[in-house]
Amino acid sequence: MSITTVETQPIQGQKPGTSGLRKKTQVFMQRHYLENFAQAVFNAIGGAKGKTFVLGGDGRYFNDRAAQVILRMAAANGAKKVIVGQGALLSTPAASNLIRINKTDGGLIMSASHNPGGPDEDFGIKFNAANGGPAPESLTDKIFAETENISEYKMMEGHDIDLDAPGTTKLGDMEVEVVDPVADYAAMMEKLFDFDAIGQMIAGGFRIRFDAMCAITGPYAVEILENRLGAPRGTVVNRIPLPDFGGMHPDPNPVWAKQLMDEMWSAEAPDFGAASDGDGDRNMIVGRETYVSPSDSLAILAAHADSAPGYKDGLSGVARSMPTSQAVDRVAAKKGLDCFETPTGWKFFGNLMDAGHVNLCGEESFGTGSDHVREKDGLWAVLMWLNILAARKSSVGDLLAGHWKEYGRNYYSRHDFEGLDTAKATAMLDDLKGRLTGLKGSEIEGMTVAHADDFAYTDPVDGSVSKGQGIRIVFEDGSRIVMRLSGTGTTGATLRVYLERYVAGPDGLDRDAQEALAPVIRAAHQLADIERHTGRSEPDVIT
Ligand code: VG1
Ligand code: CO
């Protein structure tokens, strides 16, 4: 098979965001677009020669074609081997696991995560490093620099490789090993959690509904929940991954997982509901008529992790992204655990986990995970919850109420304003940034500003500094407003406003979150003057 060197030119805007490069699928399908980016990845890591990679994706439109292109480019660049999930499928946490257990040099994950899929929707590529985690900023900067200087890429000519059956083939000198995407992942889960206890709870009548949202977690959830834990067939709905996710928006929140929410509030509601996102790294947990905010979920996992065999010796420390509520901080303080605050995006947790500082991390955006891989992990969180409920013989609602009683409640919500004009949204935040230093001591909605800044993070392990990670305004009573622009969208700008207010209890713990947060919401609107800048007074999505 012949290797050709194809002449190309830099393509504008191939800068990875919060989690990989995401663009409209049509953009990715343009001539040289995917090829330039893949070559830039190989160049940035010092070439692919002699290296082994993992490859898989969430099954969205173009996943299959992109896999063939990447394989031929890996072969042309001299890679030794690529381990591919059957059908070119792998959830993000399963890919991270394969990178780690096979000690590969990294992996390429084809996904735009929670962004919708299809010919007119989004596609994306993430590169994960040898530790199994998302490329750190130093590497994504290098990749971007390569895309700006690229003049050629290498391609092997040849037929498509059959990725539909497990086994090993060759592409030129490169080995291609097609593996079952679920097997190693399911085996790892069985080691971490008490499958007997969860299985007994299910056999005793505990009912689960898992919504895979026609994305990658379907096959994983069917194997683990139905085949191994004995939940009845049909426990997993929307279980077949589809190229357009069945038209669904695979973002596990009360707005996009409405079907699940409706069921959990019905007379026939199961005991436990969960949903996952496009690439399987996020989770929403719901009880009967009980929504668990992701920040509370993280705090509860921190409080009870030792219920699960994989964590029976306790946690080494915890970390949360800056916008995530401070509920987990309270658990850490009580248990004497170190608690780290990082910028948004899982790539910032990698160093902390590699250095052994933390083994539980979470984000307010429905992402939780541990050091079993270097990604957030949706099904892991579901199993952790089930293990805790089985060990404590508790319902979701009782566990949550008990937690608030013990620690107080961090009321929390995120308001997203989507499809904003990027220039206007940026101007609004710049304007606010300019006023931050003068805010201290000022009073708004009966609250006094204690601290206001533009969050900057110094990684305690390698000393790298990440600036401009979100505006935060903290009040003397512990309430908080955080604002930043999304780094995962593909059109316009999305403003995320994160709102938090602490109530110690014992009274006032079971209010509606939006109601309890009303003064903080009003303060956010006043401080940033959202309506004047964007013309919008109401968010599009509230989680
Ligand atoms: C969002 C979330 C962030 C998450 C990121 C990737 O980023 O807020 O917490 O890490 O998505 O998750 P942003 O920049 O749009 O706020 V995933 O599941 O899309 O890989
Ligand atoms: Co995701």
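Here the structure is a predicted model, which is why all the values come from computation and not from measurement.

## Notes on the overall build of the protein chain
For the protein chain, the count of helices and strands is 18 helices and 27 strands. Over its C-alpha atoms the protein chain spans a radius of gyration of 23 Å, differing by no more than 12% from the 24 Å that the globule rule assigns to 543 residues. Oriented by its inertia axes, the alpha-carbon framework of the protein chain measures out at about 70 × 60 × 40 Å. Counting across all 543 residues of the protein chain, residues that qualify as buried make up 59%.

## Some words on the domain arrangement of the protein chain
Domain boundaries in the protein chain define domain 1 (3–180), domain 2 (185–407) and domain 3 (409–542). Computed over C-alpha atoms only, the centres of domain 2 and domain 3 are separated by 26 Å. Here domain 2 and domain 3 share an interface that buries about 2300 Å² over both sides, 57% of which is from carbon and sulfur atoms. Broken down residue by residue, the surface that domain 2 buries against domain 3 is led by Met 322, Asn 351 and Trp 404, which jointly contribute 26%. Summed over the shared surface of domain 2 and domain 3, the result is three salt bridges.

## Quick notes on the coordination of the cobalt ion (ligand 2)
Around the cobalt ion (ligand 2), the donor atoms from the protein are Ser 113 (OG), Asp 277 (OD), Asp 279 (OD) and Asp 281 (OD), and they sit 2.0 to 2.1 Å away. On the primary sequence, the residues serving as donors to the cobalt ion (ligand 2) are separated as S-x163-D-x1-D-x1-D. Of this pair, Ser 113 sits in the loop between strand E5 (107–110) and strand E6 (122–128) while Asp 279 sits in the loop between strand E12 (272–276) and strand E13 (283–287); the two residues are 166 residues apart in sequence, bridging distant segments of the chain. Of the two residues examined, Ser 113 and Asp 279, each falls in the buried class.

## Considering the sheet that holds strand E15 (residues 317–321)
The strand order across the open sheet built from four strands is E16-E15-E17-E18, with neighbouring strands paired in mixed fashion. With partners counted over all chains shown, the strands left at the sheet margins are strand E16 (338–342) and strand E18 (367–370), one partner each. Averaged over all pairs of adjacent strands, the angle between strand axes in this sheet comes to 15 degrees, irrespective of strand direction. Bridge analysis of E15 against E16 gives five bridges, and the strand direction is parallel. Bridge assignment links Ala 319 to a residue of E16, and that residue is Phe 340. Its contacts with the sheet place helix H11 (residues 327–335) against E15 and E16, and it is angled at close to 165 degrees to E15.

## Concerning the environment of Tyr 411
Checked against the element boundaries, Tyr 411 lands in strand E19 (residues 409–420). What makes Tyr 411 buried here is its relative accessible area of 0%. Look past the residues within four positions of Tyr 411 in its chain and what remains in contact with it is Leu 499, Glu 500, Arg 501, Val 503, Gly 508, Leu 509, Asp 510, Arg 511, Asp 512, Ala 513, Ala 516 and Leu 517. Side-chain polar atoms of Tyr 411 contact the backbone oxygen of Gly 508, separated by 2.8 Å. Within the local environment of Tyr 411, its side chain forms a polar contact with the backbone oxygen of Leu 509, the two atoms lying 3.2 Å apart.

## Here's the deal with the pairing of strand E25 (residues 480–485)
Where burial is concerned, most of E25 is hidden: five out of the six residues are buried. The pairing of strand E24 (residues 471–475) with E25 spans four bridges and is antiparallel. Its bridge partner lying in E25, Ile 473 is registered against Ile 481. Linking two consecutive strands that pair antiparallel, namely E24 and E25, is a turn of four residues; a positive phi of about 90 degrees is found at Gly 478 within it. For E25 and strand E26 (residues 493–503), the ladder comprises six bridges, and the chain directions are antiparallel. Across the sheet, the residue bridging to Ile 481 is Leu 499, located in E26.

## Overview of the pattern of salt bridges
Taken as a whole, this structure holds 33 salt bridges when the rule is applied. With a shortest N-O distance of 2.7 Å, Glu 190 and Arg 228 are connected by a salt bridge. Of this pair, Glu 190 sits in helix H6 (residues 183–192) while Arg 228 is found in helix H8 (residues 217–228), placing the two residues 38 residues apart along the sequence. Take Glu 190: its relative accessible area is 38%, and that puts it in the partly exposed class. Members of the salt-bridge network, linked through shared partners, are Arg 320, Asp 329, Glu 341, Asp 453, Arg 472, Arg 480 and Glu 500.

## Structural notes on the site of ligand 1
Inspection of the region around ligand 1 gives 22 residues, with Thr 18, Ser 113, Ser 365, Thr 488 and Arg 496 positioned closest. Note that an oxygen atom of ligand 1 is positioned 2.6 Å from one of the side-chain N or O atoms of Ser 113. Measuring from an oxygen atom of ligand 1, one finds a side-chain N or O atom of Ser 486 at 2.6 Å. Residue composition of the shell around ligand 1, grouped by class: no nonpolar, 10 polar and 12 charged.

## Some thoughts on the sheet that holds strand E11 (residues 236–237)
What the five strands build is an open sheet, ordered E11-E10-E12-E13-E14; its pairing is mixed. Because the sheet does not close on itself, it has two edges, and the strands there are E11 and strand E14 (290–291).

## Brief notes about the packing of helix H10 (residues 294–304) against helix H13 (residues 378–392)
The relative placement of two packed helices is expressed as an angle between their axes plus a distance between the axes. Between H10 and H13, the shortest axis-to-axis distance is 11 Å and the interhelical angle comes to 55 degrees. Taken as axis vectors, H10 and H13 run oblique relative to one another. Between H10 and H13 lies a crossing of left-handed hand. Here H10 contributes Ser 297, Ile 300, Leu 301 and His 304 to the contact with H13, which in turn contributes Trp 380, Met 384, Trp 385, Ile 388 and Arg 392. When its residues are assigned to classes, the contact of H10 with H13 shows six nonpolar, two polar and one charged.

## Brief notes about H11
Taken together, the buried positions of H11 are occupied by Ala 327, Val 328, Val 331 and Ala 332. Along the axis of H11, the buried residues cluster in a sector spanning 140 degrees; they form a single face. In H11, those exposed residues whose orientation departs by more than 90 degrees from the buried face are Ala 333 and Lys 334. Contacts made by the buried residues of H11 are with H10, E15, E16, helix H14 (396–407) and E19. Positive phi appears at Gly 336, one or two residues downstream of H11, with a value of about 70 degrees.

Cut-offs used in this document
- Residues numbered from 1 in each chain as written.
- Chains lettered and ligands numbered in written order.
- Predicted model: local features only at pLDDT ≥ 70, side-chain atom pairs only at ≥ 80, totals over all residues.
- Heavy atoms only, no water.
- Helix = DSSP H or I, 4+ residues; strand = E, 2+ residues; numbered from the N terminus.
- Rg over C-alpha atoms; globule rule 2.2 N^0.38 Å.
- Buried < 20%, exposed > 50% of the residue type's maximum accessible area, 1.4 Å probe, protein only.
- Domains from an automatic or database assignment.
- Buried area = accessible area lost by both parts, 1.4 Å probe.
- Salt bridge = Lys/Arg side-chain N within 4 Å of Asp/Glu carboxyl O.
- Donors = N, O, S within 2.8 Å, 3.2 Å for Na, K, Ca; no water.
- Pairing = 2+ DSSP bridges.
- Axes fitted to C-alpha atoms, helices over the stretch in contact; angles between N-to-C directions.
- Contact = heavy atoms within 4.5 Å.
- Polar contact = N/O pair within 3.5 Å; in protein donor to acceptor, adjacent residues only side chain to side chain.
- Near = heavy atom within 4 Å.
- Nonpolar A, V, L, I, M, F, W, Y, C, P; charged D, E, K, R; others polar.
- Parallel < 35°, antiparallel > 145°, perpendicular 65-115°, else oblique.
- Left-handed = near helix turned anticlockwise from the far one by under 90°.
- Arc of directions from axis to C-beta.

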